[in-house]
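A closer look at the structure
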Protein chains: 2
Amino acid sequence: MSTSGPYHHGDLRPALLRAAGQLLEKQGLAALSLRETARRAGVSHNAPYRHFPDRGSLLAALATAGFAALGTAMQEAAAHGGLRAMGEAYVRFALERPQRFRLMFGGALPIAKHAALRESATRVFEGLAQALAPQLAGPAGRDASIAAWALVHGLSQLLLDERIASSALRGRERDEMVRAVLGSIRFAAAKPQTPA
Amino acid sequence: MSTSGPYHHGDLRPALLRAAGQLLEKQGLAALSLRETARRAGVSHNAPYRHFPDRGSLLAALATAGFAALGTAMQEAAAHGGLRAMGEAYVRFALERPQRFRLMFGGALPIAKHAALRESATRVFEGLAQALAPQLAGPAGRDASIAAWALVHGLSQLLLDERIASSALRGRERDEMVRAVLGSIRFAAAKPQTPA
DNA sequence: ACCTGAACACCGTTCAAGT
DNA sequence: ACCTGAACACCGTTCAAGT
């Protein structure tokens with residue numbers, strides 16, 4: 001009577017997102033079932049359908065929150081450490097939240113079906129493009145900014161998949177190696193000659 | 001009696017891989033169930049366990065075949081068109097077999113559990129590193145070759161996820177845009193000054 | 001050896017019903 | 001409005017049995 005929750009949960013949507021987020025980060029996407037999420041939130045297996053039309057929509061909400069967090073981390077990094085720090089923040093986000101990052105970029109979500117997801121992702125990428133714009137103007141600069149983004153994104157993915165052998169560290173801390181790899185590139189179209 | 005298959009299928013393993021590959025490319029990873037694969041191969045839902053200990057092992061076999069195909073495509077491209085063609089072949093492979101590429105790099109497979117998978121992947125990456133070696137020697141060169149790989153890999157992923165707006169094409173064919181993006185990068189450590 | 005059918009414990013989703 | 005329990009058609013995996 002006193003210890004049991006209210007009949008109307010009242011705050012079920014955030015509770016479901018919290019439970020689903022924990023499942024995702026601890027057990028991975030495959031273990032993230034609607035039924036288990038409901039169980040952890042203390043409701044029947046059917047209650048989530050009041051807040052999400054299907055499993056995909058729950059996943060889309062998790063990914064959307066992920067893009068918001070990534071965008072914030074990148075803007076903060078850029079404010080303190082400039083462009084270079086922005087790229088490093090991207091990689092750090094991927095490595096700190098591997099399952100979330102995979103959900104955001106793994107293609108498991110029908111991106112066309114989830115407008116909020118697409119918008120939150122686009123916002124992040126526009127922030128990156130704007131930060132690059134002063135250095136990389138004009139048509140060639142736009143291609144270069146895609147290359148910069150691809151570089152940072154690819155490095156994140158390869159590290160996540162443990163595809164970069166530990167010998168590549170050559171005694172350095174991982175962050176230092178990331179800096180060195182990102183710094184080993186120059187943009188052909190850069191207005192002043194600037195590092196990544 | 002004459003149209004029905006033999007009791008002992010005889011060639012079940014390749015038949016399963018073929019059916020699974022078709023399922024993967026047409027319906028995506030989520031639709032690739034062992035039971036449906038068995039159905040398409042014309043055997044009971046249980047027969048696949050004679051050839052694969054579990055679903056993950058079937059997926060690993062598909063991914064392993066994918067790495068072999070990617071390696072072949074890259075070597076062929078390199079023989080005809082050099083380093084640049086190698087990178088373009090990487091991107092082309094990803095775009096031509098999106099679901100296969102996602103399986104290979106999506107982190108859905110417990111890579112540690114599948115030795116053949118890890119080896120086939122490593123072979124591909126060693127081929128890339130060797131092709132880069134003449135231009136990028138020494139410690140800084142090794143970081144640069146990781147950057148080159150990350151660039152190609154990231155561009156593939158972003159194109160696959162349709163994260164690069166169609167406006168980025170600016171009227172060009174996709175292949176041409178890929179060439180321009182890859183070509184917009186210089187390696188700081190390159191021995192002669194060489195494009196990507 | 002290789003294949004089958006029944007069984008178990010899971011899914012996502014739908015539906016009729018309760019408060 | 002919001003939640004529940006039963007039901008349906010799926011899974012992966014295991015087991016006892018057939019040829």
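A quick note: this is a predicted structure, and the numbers were derived from the prediction, not measured.

Cut-offs and rules
- Residues numbered from 1 in each chain as written.
- Chains lettered and ligands numbered in written order.
- Predicted model: local features only at pLDDT ≥ 70, side-chain atom pairs only at ≥ 80, totals over all residues.
- Heavy atoms only, no water.
- Salt bridge = Lys/Arg side-chain N within 4 Å of Asp/Glu carboxyl O.
- Helix = DSSP H or I, 4+ residues; strand = E, 2+ residues; numbered from the N terminus.
- Buried < 20%, exposed > 50% of the residue type's maximum accessible area, 1.4 Å probe, protein only.
- Domains from an automatic or database assignment.
- Contact = heavy atoms within 4.5 Å.
- Buried area = accessible area lost by both parts, 1.4 Å probe.
- Polar contact = N/O pair within 3.5 Å; in protein donor to acceptor, adjacent residues only side chain to side chain.
- pLDDT = per-residue confidence, 0-100.

A word on the pattern of salt bridges
Residue and element names in this part refer to chain A.
- Evaluated as defined, the whole model comprises 20 salt bridges over all chains.
- For the salt bridge of E36 with R39, the shortest nitrogen-to-oxygen distance reads 2.3 Å. Taken together, the residues span about one helical turn, with E36 and R39 both in helix α2 (residues 34–41) at a distance of three residues.
- Across the salt bridge formed by R102 and D161, the nearest N and O atoms sit 2.5 Å from each other. Here D161 lies in the loop between α6 (138–160) and α7 (174–183) and R102 lies in helix α4 (residues 98–105), a separation of 59 residues in the sequence.
- The class for R102 is buried, based on a relative accessible area of 16%.
- Overall, the relative accessible area of 6% leaves D161 in the buried class.
- Put simply, E36, R39 and R40 are held in one network by salt bridges that share partners.

So, the domain arrangement of chain A
Residues and elements named next belong to chain A.
- Splitting chain A by domain gives domain 1 (1–53) and domain 2 (56–183).
- For domain 1 versus domain 2, the distance between C-alpha centres works out to 29 Å.
- Each partner contributes residues to the interface: domain 1 has 13 residues there, and domain 2 has 10 residues.
- Area buried by domain 1 at its contact with domain 2 is led by L24, E25 and L29, which between them contribute 45% of it.
- Applying the counting criterion to the domain 1 and domain 2 interface returns one salt bridge.
- A salt bridge links R100 to E25; the nearest nitrogen and oxygen atoms lie 3.6 Å apart.
- On inspection of domain 1 and its partner domain 2, the count reaches zero residue pairs in polar contact (both at pLDDT 80 or more).
- Every element with two or more residues in the side of domain 1 that touches domain 2 is listed here: α1 (12–27) and α2.
- Of the residues forming the side of domain 1 that touches domain 2, the biggest block, six residues, is contributed by α1.

A word on the confidence of the model for chain A
All names here are of chain A.
- Per-residue pLDDT for chain A averages 89, and the proportion of residues at 70 or more is 92%.
- By mean pLDDT, strand β1 (residues 185–187) is the weakest element of chain A at 87, and helix α3 (residues 55–96) is the strongest at 96.
- Predicted confidence is poor over residues 1–6, with pLDDT under 50, and the contacts of this stretch with residues over four places away or in other chains come to zero contacts.

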